[in-house]
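# Analysis of the macromolecular model
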Amino acid sequence: MSIDRPIYMDNASTTRTDPRVVEAMLPYFTEIYGNSASRNHSFGWDAEEAVTIARGQAAALIGAGPKEIIWTSGATESNNLAIKGAARMHAKAPAGSTGRGHIITATHEHKAVLDPCKRLEREGFDVTYLEPPSDGIITRKMVEGAMREDTILVTVMWANNEIGTINEVPEIGALCHERGALMHTDATQWVGKMPTNVESDNIDLMSFSSHKLYGPNGVGALYVRRRRPRVRIEAMLDGGGHERGMRSGTLNVSGIVGFGKACELCSEEMAEDAERLFKLRTRMENELSAALDVVAVNGHPDRRLPHLTNISFGFVEGESLMMGIGNIACSSGSACTSASLEPSYVLKALGVGDELAHSSLRLSLGRWTTEEEVDTATRGIIKAVKHLRSMSPLYDLHNEGIDISTINWQSH
Ligand code: PMP
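To start, this report covers the structure provided alongside it. Fair warning: this is a prediction, and the values are worked out from it, not measured in the lab.

Residues in close proximity to the ligand total 13 residues, the closest being Thr76, Asp186, Gln189, Ser209 and Lys212. Interatomic distance of 2.8 Å between a side-chain N/O atom of Gln189 and an oxygen atom of the ligand. One of the side-chain nitrogen or oxygen atoms of Ser209 is found 2.6 Å away from an oxygen atom of the ligand. Calculation on the ligand without its partners gives an accessible area of 400 Å², and the protein chains cover 84% of this total. Per-element tally for the shell around the ligand: the top contributor is helix H4 (residues 75-89), with three residues. When the residues that make up the shell around the ligand are grouped by side-chain class, the tally is two nonpolar, nine polar and two charged.

Our next topic: the pairing of strand S6 (residues 182-186). Here S6 lies mainly inside the structure; five of its five residues are buried. Burial along S6 is two-sided: the residues Leu182, His184 and Asp186 and Met183 and Thr185 are all buried. The pairing of S6 with strand S7 (residues 205-209) spans three bridges and is parallel. From the neighbouring strand, Asp186 faces S7, where its bridge partner is Ser207.

This next bit is on the nonpolar core. A general tendency of soluble globular proteins is for nonpolar side chains to be buried together. If you look at the biggest cluster of nonpolar residues, it comprises 58 residues, and the most contacted ones within it are Ile62, Trp71, Val143, Val154, Trp190, Val191 and Met206. For this core, the domains that each give at least three residues are domain 1 (7-14 + 270-400) and domain 2 (19-266). The contacts of Met206, once residues within four sequence positions are left out, are Ile62, Trp158, His184, Thr185, Ala187, Val191, Thr196, Val198, Ala221, Leu222 and Tyr223. Core analysis: the next-biggest nonpolar cluster, separate from the first, contains 25 residues, Leu288, Leu363, Leu365 and Ile382 among them.

The next subject is the packing of helix H8 (residues 253-291) against helix H12 (residues 371-390). Running from N to C, H8 and H12 point in directions that differ by 25°, and their axes come no closer than 10 Å. Overall, the two elements H8 and H12 adopt an arrangement that is roughly parallel. For the pair H8 and H12, the sense of crossing is right-handed. Residue-level contacts link Leu280, Arg283, Met284, Glu287, Leu288 and Ala291 of H8 to Glu371, Val374, Asp375, Ala377, Thr378, Ile381, Ile382 and Lys386 of H12. Split by residue class, the contact of H8 with H12 holds eight nonpolar, one polar and five charged.

Here we take up the packing of aromatic side chains. Applying the stated criterion to the full structure yields six aromatic pairs. A ring pair is formed by Tyr33 and Phe43, whose centres lie 5.5 Å apart and whose planes are at 40°; its orientation type is tilted. Taken together, the residues Tyr33 in the loop between helix H2 (27-30) and helix H3 (42-62) and Phe43 in helix H3 connect sequence positions 10 residues apart. On the basis of relative accessible area, Tyr33 is assigned to the partly exposed category, the value being 49%. Feature note: the residues Trp71, Phe208 and Phe259 constitute an aromatic cluster, connected by ring pairs.

Take Ser364: it is sitting in strand S15 (residues 360-364). Of the polar contacts made by the side chain of Ser364, one reaches the backbone nitrogen of Asn11; its length is 2.9 Å. Side-chain polar atoms of Ser364 contact the backbone nitrogen of Ala12, separated by 2.8 Å. Filtering out sequence-adjacent residues up to four positions away, Ser364 remains in contact with Met9, Asp10, Asn11, Ala12, His307 and Leu308.

Before going further, it helps to spend a moment on the sheet that holds strand S4 (residues 126-130). Taking strand neighbours across the sheet as the criterion, the seven strands line up as S2-S8-S7-S6-S5-S3-S4 in an open arrangement whose pairing is mixed. Two strands lie at the open edges of the sheet, namely strand S2 (69-72) and S4, each paired on one side alone. Strand-to-strand twist of the sheet, defined as the mean angle between neighbouring strand axes without regard to direction, takes the value 20°. Alignment of strand S3 (residues 102-106) against strand S5 (residues 151-155), held across three bridges, turns out to be parallel. When the sheet's bridge partners are listed, His102 is paired in S5 with Thr151. Against the sheet, H3 engages S2, S7 and strand S8 (220-224), with an angle of about 110° to S2.

Rules used in this analysis
- Residues numbered from 1 in each chain as written.
- Predicted model: local features only at pLDDT ≥ 70, side-chain atom pairs only at ≥ 80, totals over all residues.
- Heavy atoms only, no water.
- Near = heavy atom within 4 Å.
- Polar contact = N/O pair within 3.5 Å; in protein donor to acceptor, adjacent residues only side chain to side chain.
- Areas by Shrake-Rupley, 256 points an atom, 1.4 Å probe, with all protein chains shown as cover.
- Helix = DSSP H or I, 4+ residues; strand = E, 2+ residues; numbered from the N terminus.
- Nonpolar A, V, L, I, M, F, W, Y, C, P; charged D, E, K, R; others polar.
- Buried < 20%, exposed > 50% of the residue type's maximum accessible area, 1.4 Å probe, protein only.
- Pairing = 2+ DSSP bridges.
- Core = buried A, V, L, I, M, F, W, Y, C linked by side-chain atoms within 4.5 Å.
- Domains from an automatic or database assignment.
- Contact = heavy atoms within 4.5 Å.
- Axes fitted to C-alpha atoms, helices over the stretch in contact; angles between N-to-C directions.
- Parallel < 35°, antiparallel > 145°, perpendicular 65-115°, else oblique.
- Left-handed = near helix turned anticlockwise from the far one by under 90°.
- Phe/Tyr/Trp six-rings, centres within 6.5 Å; stacked < 30°, edge-to-face > 60°.

Any functional reading would require information that these geometric values do not contain.
Below, the structure written as structure tokens:
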């Protein structure tokens, strides 16, 4: 059977809000609408109680205490607060030429990590950007090699949003604790999908986001460790002193209720979801590589999220591929900037060439992805790639055994 309607395979970008989450949120628009900071009436108390329950649900998902959850507007804000907040709070006095302190991150992090790091460089901090090997994994050893006396903070994402590869985060956290540095991880793609325990995983600061785990948009959280060590960060927003002074602003109660409910559902269902989606992804990858040659899965073959795959298709042109796959909603290896199509900097960091980066697809499955959808999408991709290659003189040359990288294209 085939499906005519669009097939959603872009869950790493955002997820459908679980209807059970929407149901939990609804009373908080029209019935329980108080400001959770209002201390002198029941409208405020009821809202505060709901926020407290959600704090417990989010904390339980990651093995934290409820007071260690700081609500934000999403992972972008959480990353900014964690990175700038920790660096500025722990800045060393600019004595001599040593600068204000050292931060370690990697070149294939999300922009919501890289851009705050760049801003800190302008403020006088030193930043080391680790370059990933072709499998995309940042290891403890790599971080160890970059550690300095004045390293304040290491920020390494748990799972990469484009290729799903899983860095050695608990190991890097342990190293940070041995060396007296703080460990922040952007766990936006990880939390809610894979088991997380900030205690045994040695995390001090961790960003995650509601809309990636079947909750509503515009809500996120930052885990901030309270004990061993007590982590202190400088606020970015000054105002009413909400969230223990770390993030002022009236709380988005309905959104937080939804995020909490989404966390609770993930705690209960993520193991089952991961197993099912891993089987579907494997089926998809196997079918694609059985039907097509010159395909490559990007990143480490095993050490990656179970529901995501990033595949390059040789001898097809990226934009034509996106057009060709029509009703499959997914991301490509081209990042749309204002005027031009840039090849993905993540794939480039792994050493994937510009052409192949453009002709890559990120397919990310989710809670509602069905076997039928996977099969229809797989057939659609195979058909599109075969069609494009049937018109490709380069693919003909390749089939004749000519290594096109050796051809001198200049005319004489
Ligand atoms: N970090 C990663 C790894 C992400 O995938 C995303 C979302 N694309 C973000 C941060 C930003 O999250 P948000 O949309 O919640 O601001």
